[in-house]
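Examination of the molecular architecture
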Amino acid sequence: MANQKPVTTTTIFLFIPNLIGYARVVLALGSLAVMRYHPKICTWLYVVSCLLDAFDGAAARKFNQSTKFGAILDMVTDRCTTSCLICFLSSRYPNWAIFYQLLISLDLASHYMHMVAMLGSGQQSHKKVGKERGWFLNLYYTNTRVLFIFCAANELFFVALYLYSFPPATPPYLGDIYGIPLSYATIMAIVTFPLWLGKQCTNVIQMVQAAQVLAQVDVEERNGKLAAGSAKNK
């Protein structure tokens, strides 16, 4: 222990999970660059970027390299990549633009409020959700499999809508449902829709509970000041 070198900001920036995070950013930027023209390339770049989200967390736990910077990098990358894809979907489906705007707003507001609430209540990570926040959020954030399944289904649903907006010249015949021709993108959207909907409900629950935590922090701070003032006047 005595021979260990002191940690610097450069050390933190070069932690393995953070390097994985930078790779995610590069892949996401690559997917955005070709999003309008090359749906297959875009999809592969986007999906690999999302899959690496599971590896940076595993690396942080394995090498004991969990950091506040890494947690913020992870969340910001998630929010930005998803928001950029939804923005593109609003251009491909202009009649649904308001709906997509609401989805982006819900996603950003929910996660920002959750992050501030966790830090304001003394937690070191936005994923360290105790049972006092409810059994579902506790399960969602502490069970890595549950978190991965919901997040993966959420992204795949948006990817399916993206691919559906690029109909192939000779689509394979996979049948139809209610008169809608089935394609691989359609099937993927149908399969992932229930979990996608569950993810949006989770965002609502997360935002409401974060508001309650923030309000409780305000209550404790104000009551503390009142108690201090009363003790001072005695």
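The rules we used
Residues numbered from 1 in each chain as written. Predicted model: local features only at pLDDT ≥ 70, side-chain atom pairs only at ≥ 80, totals over all residues. Heavy atoms only, no water. Helix = DSSP H or I, 4+ residues; strand = E, 2+ residues; numbered from the N terminus. Buried < 20%, exposed > 50% of the residue type's maximum accessible area, 1.4 Å probe, protein only. Expected span 1.5 Å × (residues − 1). Contact = heavy atoms within 4.5 Å. 1 Å grid on protein atoms, 1.4 Å probe; cavity = no way out; pocket = protein on both sides within 12 Å on 5 of 7 lines; lining within 4 Å. Points joined across faces, edges and corners; volume = space filled by probe spheres on them. Nonpolar A, V, L, I, M, F, W, Y, C, P; charged D, E, K, R; others polar. Salt bridge = Lys/Arg side-chain N within 4 Å of Asp/Glu carboxyl O. Axes fitted to C-alpha atoms, helices over the stretch in contact; angles between N-to-C directions. Parallel < 35°, antiparallel > 145°, perpendicular 65-115°, else oblique. pLDDT = per-residue confidence, 0-100. Patch = residues over 30% accessible without salt bridge, like charges linked within 9 Å, V, L, I, M, F, W, Y side chains within 5 Å. Areas by Shrake-Rupley, 256 points an atom, 1.4 Å probe, with all protein chains shown as cover.

**Considering the overall build of the protein**
Secondary structure summary: the protein contains eight helices and two strands in total. Listing the helices and strands of the protein from first to last along the sequence gives α-α-α-α-α-α-α-β-β-α. Taken over the C-alpha atoms alone, the protein extends approximately 80 × 50 × 30 Å along its principal axes. When the 234 residues of the protein are sorted by exposure, 38% land in the buried category.

**Focus on helix H5 (residues 97-120)**
With 24 residues, H5 ought to run about 34 Å at 1.5 Å a step, and its terminal C-alpha atoms sit 34 Å apart, in line with that. Within the sequence span of H5, burial applies to Ala-97, Tyr-100, Leu-103, Ile-104, Leu-106, Asp-107, Ser-110, His-111, His-114, Met-115, Ala-117 and Met-118. Along its buried surface, H5 packs onto helix H4 (68-92), helix H6 (135-142), helix H7 (144-164) and helix H8 (184-233). Residue Gly-122 follows H5 closely and has a positive phi angle near 95°.

**So, the environment of Ala-117**
Residue position: Ala-117 is located in helix H5. Measuring from C-alpha to C-alpha, the distance between Ala-117 and Leu-139 comes to 18 Å, with 22 residues separating the pair along the chain.

**Some details on the layout of surface pockets**
Considered as a void within the structure, the largest pocket measures approximately 1200 Å³ in volume. What lines the largest pocket is a set of 48 residues, and nearest its centre among them are Asp-53, Asp-56, Asp-74, Lys-127 and Leu-147. Per-element accounting of the lining of the largest pocket gives the leading share, 11 residues, to helix H3 (residues 39-62). Looking at side-chain class alone, the lining of the largest pocket contains 19 nonpolar, 16 polar and 13 charged residues.

**What about empty space enclosed by the protein?**
Under the criterion given, the structure shown has one cavity of 30 Å³ or more. As for the largest cavity, its lining consists of Thr-82, Ile-86, Leu-103, Asp-107, Asn-154, Phe-158, Lys-199, Gln-200 and Asn-203. Elements with a contribution of two residues or more to the lining of the largest cavity: H4, H5, H7 and H8.

**A closer look at the pattern of salt bridges**
Summed over the entire model, instances satisfying the criterion amount to four salt bridges. Asp-53 is the salt-bridge partner of Arg-24, the closest N and O atoms lying 3.4 Å from each other. Here Arg-24, found in helix H2 (residues 16-33), pairs with Asp-53, found in helix H3; they are 29 residues apart in sequence, far enough to count as distant. A relative accessible area of 1% means that Arg-24 is categorised as buried. Here Arg-24 and Asp-74 are joined by a salt bridge, their closest N and O atoms 3.2 Å apart. Taken as a pair, Arg-24 in helix H2 and Asp-74 in helix H4 lie far apart in primary sequence, 50 residues in all.

**Here's the deal with the packing of H6 against H7**
At a closest axis distance of 5 Å, the pairing of H6 and H7 adopts a crossing angle of 90°. Relative to H7, H6 is oriented roughly perpendicular. Side by side, H6 and H7 meet where Phe-136, Leu-139, Tyr-140 and Thr-142 of the first sit next to Thr-144, Val-146, Leu-147, Phe-150 and Cys-151 of the second. Across the contact of H6 with H7, the residue classes break down as seven nonpolar, two polar and no charged.

**Overview of the confidence of the model for the protein**
Counting all residues, the mean pLDDT for the protein is 88, and 92% of those residues have values of 70 or more. Ranking the helices and strands of the protein by mean pLDDT puts H2 first, with 96, and strand S2 (residues 180-181) last, with 66.

**Concerning a nonpolar patch on the surface**
On the surface, a cluster of nonpolar side chains totalling about 360 Å² of accessible area is made up of Phe-13, Leu-14, Leu-19 and Phe-69. Within the fold, Leu-14 resides in the loop between helix H1 (9-13) and H2. In this structure Leu-14 comes out as exposed when scored by relative accessible area, which is 52%.

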